[in-house]
Structure formats: structure tokens, C-alpha cells
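Below, each chain spelled out in residue letters.
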Amino acid sequence: MTNITLSGNQVLEIASFSGIKVYQIKTDKFKTNSVNIFFHDNLCRENASKNALLPAVLRRGSVNYPTIQDISLKLEELYGAAFDCGITKKGENQIIQFYLDFISDKYAKAEEDLTKKAFDLLFEIITRPITQKGVFKKEYLEQEAKNLKELIESRVNDKVQYGVDKCLEVMCEDEPFGIFDYGNIEDIGSINESNLYEHYKYFLETLPIYVFISGDIKEEKVGYIIDKLKQIKRGDIKKIQEVSIENHVSEVKEVTEQMNVNQAKLSIGFRTNTRPNSENYYKLMLYNSILGGGIHSKLFQNVREKNGMAYYVFSRLEKFKGLMVISGGIEISNKDKAYEVIVKQLEDMKNGNISDYEFESSVKSIETGIKSLKDSQLQVVDFNLSQIIAGTKDSPDDIIDKVKGLTREDVMDVAKNIEMDTVYFLTSK
Amino acid sequence: MDIKTIEYKNIDEVMYTYEHKSGLKCFVVPKKGYSKKFATFATHYGSINSEFIVPGENEITRVPDGIAHFLEHKLFEQKDGSVMDKFSQLGSNPNAYTSFAQTAYLFSCTDKFDENFKLLLDYVQNPYITEESVEKEKDIIGQEIRMYDDNANWRVFFNLLGAFYEKNPVRIDIAGTIESIGKINKDILYKCYNTFYHPSNMIVVVVGDVDASKVFEQINQSITVSSAKPEIERIFPDESDNINKSYVEQELAVSMPLFQMGYKDTGFCSKGIECLMRETTVKILLEMIMGRSSKLYNELYNEGLINSSFEFDYSIEENYAYSAFGGESKDPIKVKERLLEEITSLQQHGLNRETFERIRRAHKGRNVKQLNSVERIAHNFVSVYFKGANMFDYMETYDKITFEYANKVFNEHFTADKLAMSVIKPA
């Protein structure tokens, strides 16, 4: 067992074999334990939709729990344990997540072996799906393919999120990052129960896997989990590609989309030319916080408070692809005025027109945010997963220290590398 | 100081309570080992309080829709700028929210709790509202309203409230409309503030790794009450037991139809343990009928009539209660027919005791999970408190509910003539 400390004394890598890494987060402050299992693939057209469809089909039934009803009944029996699976995109990495959380043993009756039963269920759903003629059940495949199409189509329902995502996708339409987390509708039609099953074998055998066990769990149970994971048949582990981040913009793209909306969304995408594992990344974090990372930020104070043009406006980093996006919901007729105010903030950032208040409150905001994540099992897991994917080994405290050591010059320095790439405007018909 | 301690040994929680001489009730829930400290200062005043009698007056004051929420925005304004800046300087995250029956002002921090807490107690007690800032806020809230106008999930739900209620102010959008907020001015805002923001109508809840007696001591120092406790007369219009409309439809830019349907509840007790009992029972019943382990959910899912967006819930406050369930569906009417069939069938054949026990146990487990989060605890605490109960009472509530009681509630709540439906169709 390897004992590489990932972050302070809280998270430990406790096992590593066949491209599966197991981490334990020991804590007794929560009332629940959780197991998160992540599969890591390159985000690419070939696999994106298949990877999205796979967990949807797997959660339909396993050998001993062949329907959603059976799985749900089991979860209820396990004191209302919660299971779910889904997809996230971190840069050009597609992450497929399965998790189960359940109350700690001490809150279940003494004779229940809750941790073991919960893990068995999760493990079975992932590794022993119900099959028909040696492949996935046709009925399940067809229903989930339809659900996936509808899920992708329903992106337009959440205008706030859509306004942000669409901007970045248009910006990167010729790069893997331009692919939606759940893939493309066009690719779903060619997936059937046989080829998805083939893909499943490849998925289970070759993709890097990260397992996080969090909570107050006895050593023997942890040992049990590791032993079971070792049963997964593994082959040559897939190499994850490095993402290209450097991009110098020759001409800003302008895109307008029309929909029946009451409020317009203005989103601006940027190339930061900053890798997540570089020393400049911490400067970029601070830059982003000052610009649009909360109520203390320039965007909030100027677009919303001073000019009354928005209820929400923010800037956000897409760390792994080196992007930044600004987005706000505004009156349709205020597009040019809002754009002007935003551009002024960007110029102020470049010129170092940053007040002491703006600078200090941003540093503090980052510090508070990072300290706070320790209070959420899911956030701690996500923090560590992000470190793995970025190829960094920072603890939460490391990041706080680095940010605290930065100056205005550092912020101006990283501002030089940030280039506006795309202006996206969602407006009414 | 008279501090009461209540231990909840079976869930490893403790609660400290203290009542300030002004009538302000204070609670501390310690969470050792947590980084965040969370404090909320809330008033029993929300969007449903659109009619009341101002202390010292005789006539009923009717205020513009959206004013409780508007006032919430305005309290952040101080003579020397926005109090949000002061919180930012302390590195904490301030926020506020307005719901139907309460308005809460809060912050979370990992450091400098005392300074942040003092700031919270001070600003909420000291409104500073000018005509100029009122006008500016109209633009900001206008954008908030527009954002929600485009939100199909929000609209399908509010349209359902409109279908249930003809007069009850719960049907009004919490932020109001662009027109209604146009009528708001400084004087009306102060009227609302003076009526509802007396400490005797408020509570303070602090959750985190704090020292309870220090917290109460700080409250003692910070609460400055100069006026006598006002008699608050809340006026609610007479609402019929019947539903307003059985069906309402709207078009928005969505990819497929959304629906929410439910039962308007009547004859319920909205205070204390009885209120919690009804709430937990209806929620258990809903899960029995249409939860993920139910025959109905699985049939509808397999037939492609619903997907994993399907959810259900029950809400109860002092003057309204309803169940609401729905999600995306290509054929909401068909889902409604099948739901009604199932409910009728269950009413004829009876509920299953084993199912009830199993789901009750699952709910108990899920209830414990909520205690992981300081925000969750504080949020739930406030909402349950104003219903005359304590969120830790849920544990005993689950044990109090019998299968027979569940049957009684089943027959009372799920009555066909109390059913209404709201649909959002693609434009």
C-alpha cells in the first residue's frame, strides 16, 4: 500500500493497482459515509455519447437488482442511501462518476453491515449489469438513448447555464472542449446494445479509475473495498492526453442566438494561456476573483450595483482548458452599454487599477472559499479529483498560502496573457 | 443568562436556546470540527404578508407585491455604503433570501465570527433607505424578475399555485412584477420594516464550531430595542377550500413539456408537532405512491412518460398547504390519468403496511443526512421554527406516525376535487 499524502493529513492514497487509485478521507464529523468512483476518459466525439449513455444504462439494473425498482428498494432498505451517476467535463477530460452515500454505521441498528452492503450494491451496479443475450438489454438501451437525446435537447431550458456553456462551446467548436459533457445527439443514433457493451468492456478494462472513500469507516471495511476493486479485470490502461491551452486570438468571434426570452444573456469567452499546473495559475485565480468572483468583484460592483444593469454577473475560470468566461443576464437593449462597462473593468485589471479593498477582499474570499470546502464530503472529493487531473499536489492550505503571497503586479502580469476570444449574445426573436 | 440545553443523543447533536428580553429567540447548534460558522437573523415576514395593520393605525395596509423581497435588498444599504463591502473586508459571504413566510439575513465565515456576527445584528436592526437607492434597486430586481420569467421550472410551479389559490397571497411571485415594484417607495418600506422587524418577531440561529454563551452574550450587547413589542395583525383573505382552476398552461422556450400537479390541502393543522406529522406523513405517502421504488414510477418511466426529472414534495405554512409533483413529460395529461388511476386503486385496496414502514425508515435516514451541512441546519431551523416547532422534533415525529394515521391522511389529502395541474409547453 502506498502512502502518498495528497493533502495535509486528511486525504491519503491508500492503494494503487492496475490504473485504479484508491483514496481515503478519514473524518468523523459527518453523519454519512460515501464512496465515489470516477472513470476518466479523453473528451472526444468517438466516445462522448457512449460514455454518457453507459451509466444511464448501468443504473437501470444489475444481476441481483435487475430494475430501477429493485435498486430503489435496496437503497430504502439501506436507511435511505442515495445513489447516482453522471458526467462532468473538466477541460478536455470526460469524467464519469458513480457514487453512493449512506448514514454512518452508528446511526443504523447495530447488526446492520451498512458499509459493506452499500459498497456491494455500488460495485455490482458498475461491474455486473443485467444483460440479455450477452449484451445490454435492448429495452434499457433504447429508453436511455431517448432520455439522453431529450437531456441534450433540454439544455435550452436553463437559460443562465446555457448562456455560459454555449459561449465556451462556440469558442472551442474545433477543439474537443467544444463537445458537450453528454456528447452529441447525432452520435446517439448509431449506438446499440451490442456496441455499447463492447465499449463498456473497454471502459471497465482500460480507463483510469479513482475511488474515494470518505467518512468514519473501519479498517477492515476499507480492506474489503480494496479487495473487491482488485477483482475488476484490467488491461492496458488508456493514456489521457494533455490538453492544448495556448491560443492567441487574431479576431474576436461575435455570435448571436435568438430564442423566446424575456432577458438577454451576454457572455464573453477568453483564452487565459495559463496552464493549471503552472505558477501563473494562482495569479489567475486571484485575477478572476477580483474581476468577477463574488459581491466584492468589479463586475458585481459596476455592472450590477453602480449601473443597475444586471441581477447576476460573474466571471468564472475553466481551469483545465485555460479559459475564462464572463456572463450576465441583462435587458436586451443594454447589450452595448453592458459590454462597455465590462471592457472598462478588463482594462482596469490590465492597468492595475485595483483598489486595496478589491485586492484584499478577493484574497480573503478565496481563503474563505477554500477553508469552507472542508465542510462538504463531496467538495473535498472534487477538490482532490481536480488536483489529480490538473497534475498538481496542492493541499487547500498550500493554495491559500500561494494566493496570500501575490501582489498587484502578479495580477497585472497574468492579465497580459488573457485574450478575448468570443462574444456570445442570447436574445429574443 | 438563562441558557437552556437540549441534547439529542441518538443523532449526536445539541441545541442551546436563549430568549432575549426583547422577545428575540436565539439558538445555537454547535458543530465541532467544522470550518464554517453560519449565522442567520430572520423575521417572520414574507411574501404572503401583503395585508396587515400598522401598529398604531386602524386601517388595513395593503402593500405592493414583492415588497418583502424588495425590503430584503434594501437593508444592505447603509449610510456609508453597502454593508456587503464590510462583510467582504472580513472575508465572509453575506446573503439573504425571502420566502413566503420569512425573510432571512445571513453570513457564513471561516474566521472573525464575532466581527461578522456583530455586523449582521447591527445592519438588520438599522435600515437606511433613500428614494434614490429605491429607484436603482428597481432596475436590479427588474432583471431578477426577468431571469425568473424565463425559468420554466419556476413558472410551472407558480402557475400551479395560481391554479390552487384564487386569493391566497402565496400565489403571488415573491419578487412581484415589474409593475408592482414600480409602486414601491421609501415610506411603504419603512412601514413594513417597523411592523415586522421587531426582535420579538425574529430569531437568530448560529450553527458551527462556536461557544454558545459567547454568542448569546454578543446578542445581549447588540440588540437595541427602543420600541415596545408591536401587535402584529396579519390579514389573510378568505380563501375557499376549492381549487381556483383545474388546469393552467403557458408557453416558453423549452424543449419538451414540463408539468406540476398536486392537491390543495385543507383542514390541516399548521403549527407544532401536528404540523410536522402531517408534513412527514404526506411526504411518505407521496413516496409510497410515486417514489422510485413504486410500481407507478417504474411503469411510467419504462413507458417513457416520465424521466429522472420527476420529483414530488409537500409544503405547509400557516395559511396554506399543498402537495406538488411533476417533471418533464411528452404527455403530461397521460401521466395525470395514470396517477389518478393509481391513487383511486390504492384508496380502494388500501395501502401496504410494509411499504409504509420501509419508506418511513428511509426518510429517517435521509433526515439525519441533512445534519451534515451548517446551511441546511440553519435554513431548516428557521422555516420550522416559524411553524411553532423545532427541526430536531422530526426524529420523534417519525416515530409518532402510525400506519393508521397515514391512512387517515391519505384519504383526506388525495381527493379528486382538490387536484390542479400546470403545464409549460414549448413555444
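Residues numbered from 1 in each chain as written. Chains lettered and ligands numbered in written order. Predicted model: local features only at pLDDT ≥ 70, side-chain atom pairs only at ≥ 80, totals over all residues.

(A) Fine view of the overall build of chain B. When its secondary structure is counted, chain B shows 15 helices and 17 strands. Expected size for 427 residues packed as a compact globule is a radius of gyration near 22 Å; at 23 Å, chain B falls within 12% of this value. Taken over the C-alpha atoms alone, chain B extends approximately 60 × 50 × 40 Å along its principal axes. Within chain B, the fraction of its 427 residues that count as buried is 48%. For chain B, the share of sequence-separated contacts (at least 6 apart) that also reach a separation of at least 24 residues comes to 82%. (Helix = DSSP H or I, 4+ residues; strand = E, 2+ residues; numbered from the N terminus. Rg over C-alpha atoms; globule rule 2.2 N^0.38 Å. Buried ≥ 20, exposed ≤ 12 C-beta atoms within 10 Å, placed from the backbone. Contact = placed C-beta atoms within 7 Å.)

(B) Region of interest: the domain arrangement of chain B. Residue and element names in this part refer to chain B. Domain assignment breaks chain B into domain 1 (4–234) and domain 2 (247–426). Here domain 1 and domain 2 have C-alpha centroids that lie 28 Å from each other. Counting residues at the interface gives 38 residues for domain 1 and 33 residues for domain 2. Breaking the side of domain 1 that touches domain 2 down by element, the ones donating at least two residues are strand 2 (13–19), strand 3 (25–30), strand 4 (37–43), strand 10 (103–109), helix 5 (152–164) and strand 11 (202–208). Take the side of domain 1 that touches domain 2: its biggest share by element is 10 residues, from helix 5. A breakdown of the residues in the side of domain 1 that touches domain 2 according to their chemical character gives 24 nonpolar, 10 polar and 4 charged. (Domains from an automatic or database assignment. Nonpolar A, V, L, I, M, F, W, Y, C, P; charged D, E, K, R; others polar.)

(C) Layout of the packing of helix 1 (residues 45–58) of chain A against helix 7 (residues 193–206) of chain A. Residue and element names in this part refer to chain A. Here helix 1 crosses helix 7 at 95°, and the two axes come no closer than 10 Å. For the element pair helix 1 / helix 7, the angle class is roughly perpendicular. The segment helix 1 lies against helix 7, with Lys 50, Leu 53, Leu 54 and Val 57 engaging Leu 196, His 199, Tyr 200 and Phe 203. (Axes fitted to C-alpha atoms, helices over the stretch in contact; angles between N-to-C directions. Parallel < 35°, antiparallel > 145°, perpendicular 65-115°, else oblique.)

(D) Examining helix 3 (residues 113–125) of chain B more closely. Residues and elements named next belong to chain B. Given a rise of 1.5 Å per residue, 13 residues ought to cover 18 Å, and the 18 Å separating the end C-alpha atoms of helix 3 matches this to within 8%. Within helix 3, burial applies to Phe 113, Asn 116, Phe 117, Leu 119, Leu 120, Leu 121, Tyr 123 and Val 124. Each element contacted by the buried residues of helix 3 is listed here: strand 4, strand 7 (77–78), helix 2 (83–89), strand 10 and helix 8 (212–222). (Expected span 1.5 Å × (residues − 1).)

(E) Spotlight on the confidence of the model for chain B. With 100% of its residues at a pLDDT of 70 or more, chain B has an overall mean of 95. Interface scoring of the predicted complex returns ipTM 0.93; its pTM is 0.95. (pLDDT = per-residue confidence, 0-100.)

(F) Representation of the interface of chain B and chain A within the structure. With 51 residues of chain B at the contact, the number on the chain A side is 50 residues. Within the residue set of the side of chain B that touches chain A, elements represented by two or more residues are helix 2, strand 10, helix 4 (131–149), helix 10 (295–302) and helix 12 (353–369) of chain B. Of the residues forming the side of chain B that touches chain A, the biggest block, 9 residues, is contributed by helix 12 of chain B. Of the residues assigned to the side of chain B that touches chain A, the class counts are 17 nonpolar, 20 polar and 14 charged.

(G) Looking closely at the sheet that holds strand 17 (residues 419–426) of chain B. Residue and element names in this part refer to chain B. Taken together, 5 strands build an open sheet; the order of strands is 13-17-14-16-15 and the sheet is mixed. This sheet does not close on itself; its edge strands, each paired only once, are strand 13 (247–252) and strand 15 (311–317). Averaged over neighbouring strand pairs, the angle between their axes works out to 15° when direction is ignored. Across 7 bridges, strand 15 lies against strand 16 (residues 320–328) in antiparallel orientation. Considered in strand 16, the bridge of Phe 312 is made with Phe 325. This element, helix 5, spans strand 13, strand 14 (258–263), strand 16 and strand 17 of the sheet and lies at about 145° to strand 17. Along the sheet, helix 9 (residues 272–290) contacts strand 15 and strand 16; its crossing angle with strand 15, the most-contacted strand, is approximately 165°. (Pairing = 2+ DSSP bridges.)

(H) Just the domain arrangement of chain A, in detail. Residues and elements named next belong to chain A. Parsing chain A into structural domains produces domain 1 (5–229) and domain 2 (253–427). Just the C-alpha atoms count here: the centres of domain 1 and domain 2 sit 30 Å apart. Contact residues are listed per partner, giving 29 residues for domain 1 and 32 residues for domain 2. The set of elements that each furnish at least two residues to the side of domain 1 that touches domain 2 consists of strand 1 (5–7), strand 3 (20–26), strand 4 (32–42), helix 5 (159–171) and strand 9 (209–215). The greatest single-element share of the side of domain 1 that touches domain 2, amounting to 9 residues, is contributed by helix 5.

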